[in-house]
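Listed here are the chains, written in short residue letters.
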Amino acid sequence: MSGVLAEVTGNLGSIGYGLAAIGPGIGIGIIYGQGVQAIARQPEAYGLIRQNMILGFVFAEALALIGIALAFAFRA
Amino acid sequence: MSGVLAEVTGNLGSIGYGLAAIGPGIGIGIIYGQGVQAIARQPEAYGLIRQNMILGFVFAEALALIGIALAFAFRA
Amino acid sequence: MSGVLAEVTGNLGSIGYGLAAIGPGIGIGIIYGQGVQAIARQPEAYGLIRQNMILGFVFAEALALIGIALAFAFRA
Amino acid sequence: MSGVLAEVTGNLGSIGYGLAAIGPGIGIGIIYGQGVQAIARQPEAYGLIRQNMILGFVFAEALALIGIALAFAFRA
Amino acid sequence: MSGVLAEVTGNLGSIGYGLAAIGPGIGIGIIYGQGVQAIARQPEAYGLIRQNMILGFVFAEALALIGIALAFAFRA
């Protein structure tokens, strides 16, 4: 048996992060997309709206950052 | 047999977490996106709206945190 | 046999749970996102709306919790 | 057993980046799609709307760029 | 055992690019779909709307082009 079977290299961590980034990527898009529509509807509530957009962004982004941490935790 | 078969390393736990983070990531985005639109529509109901946004966020985030716990539980 | 075969470890249970958590994560987001819009539209129906939001959340969350149970049931 | 079993080559990093690009790709589309509708609804709030569109775009794009970095970090 | 077990050939880079093209494909569709509706709603804001549609298209398309570059970078 002399042939090369498969030259696939890499670590599953990058796939794990990639999957973990799908949700927050879509989620942040929804937050900011709906957010600018809310601003357009009621510009005088800009303070409250922006504050909650940032809050939602942080909560969603955290899921992807945890994915980076897990990728390194399971690197071995 | 001299060929390199595959140099893929890693743990399936990171893939499991990545999958578990897709749903909450999109879900949190929907909650906060629709939430800021609800605030723009009726700013005087801000207390009730924010309270339920936080509640929904906690319920969705819990699904991803369980994914972290399972990743470590099945690490062996 | 000298080549590295693959250093992938882990249990498919975590992937199963991850897949099972995608749907409820998105679903809870839709329930709470549309729910706060319903509250903004008719705050006086808050009792009925909240009661049904909780009900829908429980039904969706149950799907992910069954995923945890199955992951441990098929661990062997 | 003399045949070549599989001639699959490559690194899992490109798959990881591909997955990480799904979310931001959809997210940026939602931001700009909803954004131009917000502009059409209230052109006089163009400054605020554009500012938040750029902010959301940067937050979403960062998730994909992290995917590139991880692909090279796990290349070995 | 003399038969060929699996005659799968190819490089993972094409899968990586394929995944990277999912998000921008949907995203650009959302931008132009929502964009023409915004133009229909307020044709006099055509300049601003078109300018932001092109901007969002470029940002989303870049994610797929990076996928092509990575496919060649990880070809070896």
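It should be emphasised that the depicted structure is a prediction, and the values quoted were computed from it without experimental measurement.

### Some thoughts on the interface of chain C and chain B
- Contact residues are listed per partner, giving 47 residues for chain C and 43 residues for chain B.
- Each partner contributes to the roughly 3,900 Å² buried at the junction of chain C and chain B, and carbon and sulfur atoms together form 70% of this total.
- Applying the counting rule to chain C against chain B returns 5 residue pairs in polar contact (both at pLDDT 80 or more).
- Elements with a minimum of two residues in the side of chain C that touches chain B: strand E1 (7-9), helix H1 (12-41) and helix H2 (46-73) of chain C.
- With 23 residues, the single largest contributor to the side of chain C that touches chain B is H1(C).
- Here the residues of the side of chain C that touches chain B are counted per class, giving 29 nonpolar, 13 polar and 5 charged.

### Considerations on the arrangement of the chains
- One finds no contact linking chain C with chain D; the least C-alpha distance across the pair is 13 Å.
- One thing to see here is that chain B and chain E don't touch, and their nearest C-alpha atoms sit 13 Å from each other.

### Re the UniProt feature "domain: V-ATPase proteolipid subunit C-like" (unreviewed entry) in chain A
- In this numbering, the UniProt entry assigns the feature "domain: V-ATPase proteolipid subunit C-like" (unreviewed entry) to residues 15-72 of chain A.
- Counting secondary structure, residues 15-72 of chain A comes out at 93% helix and 0% strand; the distance between its end C-alpha atoms is 12 Å.

Calculation criteria
Residues numbered from 1 in each chain as written. Chains lettered and ligands numbered in written order. Predicted model: local features only at pLDDT ≥ 70, side-chain atom pairs only at ≥ 80, totals over all residues. Heavy atoms only, no water. Contact = heavy atoms within 4.5 Å. Buried area = accessible area lost by both parts, 1.4 Å probe. Polar contact = N/O pair within 3.5 Å; in protein donor to acceptor, adjacent residues only side chain to side chain. Helix = DSSP H or I, 4+ residues; strand = E, 2+ residues; numbered from the N terminus. Nonpolar A, V, L, I, M, F, W, Y, C, P; charged D, E, K, R; others polar. UniProt positions renumbered as here; feature names shortened; annotations may be inferred.

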